[in-house]
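Breakdown of the fold
Each chain, written out:
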Amino acid sequence: MGIRLAMKKELMGLEHSDLLTADDVRAHLAQQVKEDTERGFSVISKFNDTHSQLTSGLNTKQSELVFERHRLFNEVLYKRQSVDAWLNNQTSG
């Protein structure tokens, strides 16, 4: 993790919360599906598509991903439980 990203995460106060940045979500997804690299690539690609739509302000059909925008940095943050539910939906389907 770069120093800028580390400082930004510290300033956002994400240490003891259930909110994840997009980079945190990608790392979490990669760790959860590390045995099946093809499936992992597909899941991370789907997340990247959804994240791109959210950052550009478009509505998405991925209702399991609960997110909020950080009030100061305006960054999209995801709830950990919703990421796990979304991942279960992706891997079971």
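Located above this text is the structure these notes cover.
Residues numbered from 1 in each chain as written. Predicted model: local features only at pLDDT ≥ 70, side-chain atom pairs only at ≥ 80, totals over all residues. Heavy atoms only, no water.

Let's talk about the overall build of the chain
- Helix and strand counts for the chain stand at 4 helices and 3 strands.
- In the chain, the succession of α and β elements from N to C terminus is α-β-α-α-β-β-α.
- Its C-alpha atoms give the chain a radius of gyration of 13 Å, near enough to 12 Å, the size a compact globule of 93 residues would have.
- Seen through its C-alpha atoms, the chain measures out along the principal axes to roughly 35 × 30 × 20 Å.
- Burial analysis of the chain (93 residues in total) assigns 31% to the buried set.
- Within the chain, residue pairs in contact and separated by at least 24 positions form 54% of the contacts whose partners lie at least 6 positions apart.
- If you sum the accessible surface of the chain, you get close to 6200 Å²; carbon and sulfur atoms cover 49% of it.
- Each charge sign in the chain was given a centre, from 12 positive and 13 negative side chains, and these centres are 4 Å apart. (Helix = DSSP H or I, 4+ residues; strand = E, 2+ residues; numbered from the N terminus. Rg over C-alpha atoms; globule rule 2.2 N^0.38 Å. Buried < 20%, exposed > 50% of the residue type's maximum accessible area, 1.4 Å probe, protein only. Contact = heavy atoms within 4.5 Å. Areas by Shrake-Rupley, 256 points an atom, 1.4 Å probe, with all protein chains shown as cover. Lys, Arg positive; Asp, Glu negative; His and termini not counted. Charge placed at Lys NZ, Arg CZ, Asp CG, Glu CD.)

Re the nonpolar core
- With 14 residues, the main nonpolar core has V25, L29, F47, L65, Y78, V83 and W86 as its most contacted residues.
- Only α2 (22-32), α3 (37-55), β3 (76-79) and α4 (80-92) provide two or more residues apiece to this core.
- Once residues lying within four places of it in the same chain are set aside, the contact partners of F47 are A22, V25, R26, L29, L65, Y78 and W86. (Core = buried A, V, L, I, M, F, W, Y, C linked by side-chain atoms within 4.5 Å.)

Quick look at α2
- Along α2, the positions that sit buried rather than exposed are A22, V25, H28 and L29. For α2, the buried positions fall inside an angular range of 120° around the axis, keeping them on one side. (Arc of directions from axis to C-beta.)

Structural notes on the side chain of H28
- For H28, the position within the fold is in helix α2.
- Given the relative accessible area of 14%, H28 is considered buried.
- Here D84 takes part through its side chain, which lies 2.7 Å from a polar atom of the side chain of H28. (Polar contact = N/O pair within 3.5 Å; in protein donor to acceptor, adjacent residues only side chain to side chain.)

Topic: the packing of aromatic side chains
- Taken as a whole and assessed by the stated rule, the structure comprises 2 aromatic pairs.
- Ring centres of F47 and Y78 lie 5.2 Å apart, and the angle between their planes is 65°; on these two criteria the pair is classed as edge-to-face. Taken together, the positions of F47 in helix α3 and Y78 in strand β3 put the pair 31 residues apart, joining distant regions of the chain.
- Classification of Y78 by relative accessible area gives buried; the value is 0%.
- Geometrically, the ring pair formed by F47 and W86 is edge-to-face, given 6.3 Å between the ring centres and 70° between the ring planes. With F47 in helix α3 and W86 in helix α4, the pair connects residues that are 39 residues apart, well separated along the chain.
- Residue W86 is classed as buried on the basis of its relative accessible area of 0%.
- In this structure an aromatic cluster arises from ring pairing among F47, Y78 and W86. (Phe/Tyr/Trp six-rings, centres within 6.5 Å; stacked < 30°, edge-to-face > 60°.)

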